[in-house]
Protein chains: 2
Amino acid sequence: MDSAWLNNNRIREQLKNDVFTLLPNRIAGNDVVKKQLYTEIVEWLKLPVTFDKENASIVLIEENNKYDNDESFDVQEKNGQIIIIGNNSKALLYGFYSLIRMKLTGKLKTGIHTPSQSLRMINHWDQTDGSIERGYSGASIFFGNFNKLDNPDKGNFNVKLINGDIFRHDTKRLVYYARMLASVGINSISINNVNVRGQGIELITNKYLNGVQEIADIFRKFGIKLFLSINWAAPKLIGGLETSNPLDDKVKKFWRDICKNIYSYIPDFGGFVVKADSEGEPGPYQYGCDHAQGANMLADAIKPFDGLIIWRAFVYNSHQDWRNRKNDRAKAAFENFASLDGKFSSNVILQMKFGPIDFQTAEPLQPLFGKLRNTNQMMEFEITAEYLGHQIDINYVLPQWCKMINFNTEYEDLPDPKAGAILRETAVDSNNVGIAAVGNVGMSEHWTGNPLAQSNLYGYGRLCWDNQLSAEEILKEWIIQMFPSIKKESKDKIYSIMITSNKTYADYCAPLGVGFMVVPHYHYGPSVNGYEYDRWGTYHFADRNGVGVDRTIKTGSGFVSMYSKKLANKFENPDTTPMDVMLFFHHLNYDFILPNNKTLIQTIYDLHFRGYENVKKYVKQWNCLKNDIEESIYDTVQVCLNEQLKNALEWRDQVNTYFYRMSGVKDSLGRKIYS
Amino acid sequence: MDSAWLNNNRIREQLKNDVFTLLPNRIAGNDVVKKQLYTEIVEWLKLPVTFDKENASIVLIEENNKYDNDESFDVQEKNGQIIIIGNNSKALLYGFYSLIRMKLTGKLKTGIHTPSQSLRMINHWDQTDGSIERGYSGASIFFGNFNKLDNPDKGNFNVKLINGDIFRHDTKRLVYYARMLASVGINSISINNVNVRGQGIELITNKYLNGVQEIADIFRKFGIKLFLSINWAAPKLIGGLETSNPLDDKVKKFWRDICKNIYSYIPDFGGFVVKADSEGEPGPYQYGCDHAQGANMLADAIKPFDGLIIWRAFVYNSHQDWRNRKNDRAKAAFENFASLDGKFSSNVILQMKFGPIDFQTAEPLQPLFGKLRNTNQMMEFEITAEYLGHQIDINYVLPQWCKMINFNTEYEDLPDPKAGAILRETAVDSNNVGIAAVGNVGMSEHWTGNPLAQSNLYGYGRLCWDNQLSAEEILKEWIIQMFPSIKKESKDKIYSIMITSNKTYADYCAPLGVGFMVVPHYHYGPSVNGYEYDRWGTYHFADRNGVGVDRTIKTGSGFVSMYSKKLANKFENPDTTPMDVMLFFHHLNYDFILPNNKTLIQTIYDLHFRGYENVKKYVKQWNCLKNDIEESIYDTVQVCLNEQLKNALEWRDQVNTYFYRMSGVKDSLGRKIYS
């Protein structure tokens, strides 16, 4: 098992002259975080802790109610001592990991460190049989047989029933993972797939709560609350009721009883994550109720225990008729939820994917952000690389996420109209907002398939904590911690590969924000028409004259109207639409001159040739690192890169040939496009 | 369980005044066929058998060595008696079923009835876990758990390991099935998938031979020999050897021992069916041997027991690069086998799919037929409707098969240059030629999913027996036997639906012989580009100007040159190429004027509109039968028809829209084509 960016030997090397002290010295019996902090220092790093403050080089001080935010920590440097102060031991734990990072990167940042977002969450799509929906890193770390480490993704996510124990009980690995998450400030985790199937439905019952408790007990020590995904139809499916109608008293009682029971196992249980009325999952619509009614019923049941209901806004009609060009899946979340603003309870959070469709290489912001003004919201990312190369292709995705967090909604009446800030500004309860992301780890040797994909988990946490961090800063931090002892030029090579990798991947995939074009269900590799005549509402509408989805107000689906006036004006016109989402908003002729002063068709060709060329360069650059990087990491990345090269070639050629056959236009530079 | 076309009550009704006699009266102890014949009359039909020839209305006489062909039977009418004479009881069994058919159809055909083909075989692609590769009729009738009747086809054919007994032991059903086969003259059956995986590899060992024997014992009574498919690499996989090299003495011994052992269980065992070096299966190529060496080694091992080696010619490179337009999968069998003519042992049979690709709605004849002059050959059909509607869509496929059997190769030096006749004319041993087809039955209520798909099993047998039968005659026979008591106008309706159904299906699928355009792997429903950039070598090359595969000598892959000169001249020129395979041979512009005096694009549109309209008519016509047909059959077909209507609509619209987007040409009749 790889230690990711937290190699204790490397860290001890940096801190070998340090002596810690924790104040006050006593540890309250139930403060498991403080106990863990002590354990981290003494057992994990094997560094000394002294009772004598004067002898310490690093002083961690708990001072209750000193700061506005219970998670904030204050870093001071005084008389050669580094002093970290926080309201409680969780804040100190964050300070401790932050200190490690500062030591390794050599940059001490004094002052108060406060998280940008209250909830910083990972959603696992792990299933009770050890498989992971959209998992590319081996089997689940939570569920499944101890010896079954693989989990080949085939785009088919049925769950097998397991005889006996469904839990993996790999405590050591869970402790490592909890540390990884805490080290970047993650404070919430849901451990099972939002599509809750088979035995997963029963995780909320006595049958499995001992196992869930075991996991919660581990994460609690690292300041992380545990959540469960539930099946909306549980009252019918496992409760012996005739209905799951949220207005039914028996249903309400079912959920109250469920909550009460869960909290008897896990007193600080986080709450439920719910995917309802989407892609075949049951939900309140079938009882003539809206999503607020559906969510609020659960919210009432869990409120006495201070739990949350995280309600996903990923609701759309997955049986669209491709013949009807008026349909537009991008409008779905808005159409389902805009009118419910203000109707959700204060302990309900609406969780929305960052874009209006589904984690594509480029999308504009989901227009509900900024539109909703009285609703707790979370923005959702996908760390697992479903559409972004399956953690085979290198894809450091922070550039995209930073862009989305800082996406300017251009609402003039909001103090800070950027997406990340809006979450607080439009909340009913600003404690109940934040960011969630689908996790990307599994039982694979390096946690994440391609070891470089660890950077996305690291970066996700860092960005959640501090929305102002840049992708560049975060990457540099990660590289320094992962590869502290390699040559500077090696670090530079890794940096130059990774910092361009998100753009490179987007270059060779579906062009200019039109999305998809992937092999159906599996979602790796090209299939230009794979979803073109399908029911999922994800089309490119390419014909002999042009390509793209017209979502304008004037001639298209009208999706553009869902944004603020200023932003809508921008997106309505191709001349003011950003290049990366050009075909998301516009159906353009191949000879249309884009803002780059090239035709659309030539731009498509250029992007795809460039994308492949870049991967070729990556392969060469990586080869140079052979003797400087730990063999296992080097080899694994090299195998991935060879796969990526093949993948990029297929994308380049299939997309270029497709559009050449369609348009009949040759590449102006005379490069080979197969006919 | 449906009795298919052999309802004993219906039959007894027709024969209720008949009395049988069998001459000579005694039954030799080991003549299980004669015993069965007796059982058929007395127990199955519950009709009398007399020892007094004078009192009999039907006289079955065994006269050894009277006819040239041991399977022939002679029907005579004398003094109000029907007399059937044959060399042996198997011939009489055929005569008996023939008589039933004649009685039910009311047409007594006197004279000697001799089969056109020696081997008339069904290949089952059943797997040891009860699944069936390309099966659309529920689970295997041979393998799997007694209670597990379903077998949803997902295009994924992994085999699960079964604990304990792999055999279904549904003896009653096997007897019914054997009767169905014998009634139409089938004399050979292989019971397991040619892709031999998992426990299937061990069917040839003591572990499973008791179970195989049980099946063979049943089929033997009906004159049907049992074959097994083998895995070429068995010596390595289950024999404990380091190699499967056909030149290796230990490998030779392995197979000799295997054969000897099998024949100790099944003295009349038919032999082995082998798929080697194809689609990932192992074969002689990996040892630097050719297919003749591979097959002859097995032939030597089985020769002492009079067994056969049926060697499939379906060998091609399934990792083709779509970028290389010189590749042509159609050429594969010819390239692999043409040079081996004359090199196969006399007990080896080369089994070739009727067309050069893979059981598409329309293909020209495999050019090896007529080219090979010193090789035993079998022609292979696929009764199971892999590419022909999955036994959901009605598709009576005999029109296509009759066409292929009678396909004129135009070799001037052959006495009868038609494909069916060529088999005998070019054989090394004319006993060892014939026709094989992949079966289409399973545990579904009516044997074949859609009950109307029974007609293809029936018709297949009939056509194998008599290559001169027309699709029309066969269909009429089948309808009369299946629905003896319905109104004439109902029979006419069923006939008019079924006799056009093969053309209708072809109309709404991939146009004019270009093939595929199906959902990859699953092979039901449209995906125009599904295989277009794939490794399977099945492309249509559509672009903004035209569509089709150029296989001409002058400008294309040169495949055309593999035919006789006369036929090649025909196929080289679109003006003399049959319409149904036009795009198989030619890449044509959309404005090309076809022999029907319409443009190619308009023809594509017309076919697809017509295909869907026909299905709409079928639905209406079928509805009229509601009160005249047995409810369970009526309902099952109606459910299928509703599915077919949806399927035809998807095909129509996706194909038309695809080509409209490509060509920009509107329908000249102004019908709606979605953009």
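Please read all numbers here as calculations on a predicted model, not as lab measurements.

Q: Can you help me understand the overall build of chain A in this one?
A: Of the regular secondary structure elements, chain A holds 18 helices and 15 strands. Its C-alpha radius of gyration of 25 Å places chain A within 12% of the 26 Å reference for a compact globule of 675 residues. If one aligns the C-alpha atoms of chain A with their principal axes, the spans along those axes are about 80 × 65 × 55 Å. Relative to its 675 residues, chain A shows a buried fraction of 65%. Counted over contacts in chain A with a minimum sequence separation of 6, partners at least 24 positions apart contribute 72%.

Q: Honestly, the UniProt feature "domain: Glycosyl hydrolase family 67 catalytic" (unreviewed entry) in chain A in this entry has me stumped. Any pointers?
A: Those places that UniProt annotates as "domain: Glycosyl hydrolase family 67 catalytic" (unreviewed entry) correspond, in this numbering, to residues 112-447 of chain A. The span residues 112-447 of chain A shows a helical share of 24% and a strand share of 12%, and its end C-alpha atoms are spaced 32 Å apart.

Q: Please explain the environment of Leu 298 of chain B as it appears in this structure.
A: Structurally, Leu 298 of chain B is set in helix α8 (residues 291-302). The residues touching Leu 298 of chain B, leaving out its near neighbours within four places in the chain, are Ile 230, Trp 232, Trp 255, Val 274, Ile 309 and Trp 311 of chain B.

Q: Would you mind showing me how to read the sheet that holds strand β4 (residues 81-86) of chain A here?
A: By way of backbone hydrogen bonds, the strands of a sheet pair with one another, either parallel or antiparallel. Residue and element names in this part refer to chain A. Pairing in this open sheet of five strands is mixed, and the strands run β1-β2-β4-β3-β5 from one edge to the other. Strands at the two margins of the open sheet, each flanked by one partner only, are β1 (20-23) and β5 (111-113). The average undirected angle you get between the axes of adjacent strands in this sheet is 20°.

Q: When you look at the packing of helix α4 (residues 171-183) of chain B against helix α5 (residues 206-220) of chain B in this model, what are you seeing that I'm missing?
A: Two quantities define a packed helix pair, namely the angle between the helix axes and the distance between the axes. Residue and element names in this part refer to chain B. Contact pair α4 / α5: the axes reach a minimum separation of 9 Å and the direction vectors enclose 40°. Classified by the angle their axes make, α4 and α5 are oblique. The two elements α4 and α5 meet at a crossing, and its hand is right-handed. Listed contacts from α5 to Thr 171, Leu 174, Val 175, Tyr 177, Ala 178 and Leu 181 of α4 are Glu 214, Ile 215, Ile 218 and Phe 219. Class assignment of the residues belonging to the contact of α4 with α5 gives a composition of eight nonpolar, one polar and one charged.

Q: What am I meant to see in the domain arrangement of chain A here?
A: A common measure of how large an interface is: the accessible area buried when the components associate. All names here are of chain A. For chain A, the assigned domains read domain 1 (8-113), domain 2 (119-482) and domain 3 (507-549 + 587-663). The C-alpha-based centres of domain 1 and domain 2 are spaced at 31 Å. Contacts between the two partners involve 17 residues from domain 1, matched on the other side by 21 residues from domain 2. A buried area of about 1700 Å², summed over both sides, lies between domain 1 and domain 2, and 56% of it is on carbon and sulfur atoms. Ranking the residues of domain 1 by area buried against domain 2 places Tyr 94, Tyr 97 and Arg 101 at the top, with a combined share of 32%. In this structure, the connection of domain 1 to domain 2 is made through three salt bridges. Connecting domain 1 to domain 2 are seven residue pairs in polar contact (both at pLDDT 80 or more).

Q: How should I be thinking about the interface of chain A and chain B in this particular structure?
A: Facing the 22 residues of chain A at the interface are 22 residues of chain B. It is Arg 323, Arg 544 and Arg 661 of chain A in chain A that bury the most area against chain B; as a group they hold 36% of the surface buried on that side. The interface formed by chain A and chain B includes six salt bridges. Across the pair Arg 323 of chain A and Asp 653 of chain B runs a salt bridge, and its minimum N-O distance is 2.5 Å. Inspection of the chain A/chain B interface yields 19 residue pairs in polar contact (both at pLDDT 80 or more). Split into classes, the residues belonging to the side of chain A that touches chain B amount to eight nonpolar, six polar and eight charged.

Q: How do you make sense of the UniProt feature "domain: Glycosyl hydrolase family 67 C-terminal" (unreviewed entry) in chain A when you look at a structure like this?
A: The feature "domain: Glycosyl hydrolase family 67 C-terminal" (unreviewed entry), as annotated in UniProt, sits at residues 448-671 of chain A in this numbering. For residues 448-671 of chain A, helix accounts for 51% and strand for 2%, while the C-alpha atoms at its two ends are 36 Å apart.

Q: Whenever I open this one, the sheet that holds strand β8 (residues 225-230) of chain A confuses me. Can you help?
A: All names here are of chain A. Taken in spatial order, the eight strands line up as β6-β7-β8-β9-β10-β11-β12-β13 and close into a barrel, and their pairing is parallel. The mean angle between the axes of side-by-side strands here comes to 25°, regardless of whether they run parallel or antiparallel. As paired elements, strand β6 (residues 119-123) and strand β13 (residues 434-438) share five bridges and run parallel to each other. Along β13, the bridge assignment pairs Ile 122 with Ala 437. Lying over the sheet, helix α12 (residues 454-465) contacts β6, β12 (377-382) and β13, oriented at roughly 155° with respect to β6.

Q: Hey, could you run me through the layout of surface pockets in this one?
A: To find leftover empty space, one rolls a probe the size of a water molecule over the atoms. Residues and elements named next belong to chain A. The computed volume of the second largest pocket comes to approximately 1100 Å³. Asp 70, Glu 71, Lys 90, Asn 187 and Lys 225 are, among the 44 residues lining the second largest pocket, the residues nearest its centre. For the lining of the second largest pocket, the elements supplying multiple residues, two or more each, are α2 (32-44), α3 (89-105) and β8. Take the lining of the second largest pocket: its biggest share by element is three residues, from α2. There are two domains that each give the lining of the second largest pocket at least three residues, and those are domain 1 (8-113) and domain 2 (119-482).

Criteria and cut-off values
Residues numbered from 1 in each chain as written. Chains lettered and ligands numbered in written order. Predicted model: local features only at pLDDT ≥ 70, side-chain atom pairs only at ≥ 80, totals over all residues. Heavy atoms only, no water. Helix = DSSP H or I, 4+ residues; strand = E, 2+ residues; numbered from the N terminus. Rg over C-alpha atoms; globule rule 2.2 N^0.38 Å. Buried < 20%, exposed > 50% of the residue type's maximum accessible area, 1.4 Å probe, protein only. Contact = heavy atoms within 4.5 Å. UniProt positions renumbered as here; feature names shortened; annotations may be inferred. Pairing = 2+ DSSP bridges. Axes fitted to C-alpha atoms, helices over the stretch in contact; angles between N-to-C directions. Parallel < 35°, antiparallel > 145°, perpendicular 65-115°, else oblique. Left-handed = near helix turned anticlockwise from the far one by under 90°. Nonpolar A, V, L, I, M, F, W, Y, C, P; charged D, E, K, R; others polar. Domains from an automatic or database assignment. Buried area = accessible area lost by both parts, 1.4 Å probe. Salt bridge = Lys/Arg side-chain N within 4 Å of Asp/Glu carboxyl O. Polar contact = N/O pair within 3.5 Å; in protein donor to acceptor, adjacent residues only side chain to side chain. 1 Å grid on protein atoms, 1.4 Å probe; cavity = no way out; pocket = protein on both sides within 12 Å on 5 of 7 lines; lining within 4 Å. Points joined across faces, edges and corners; volume = space filled by probe spheres on them.

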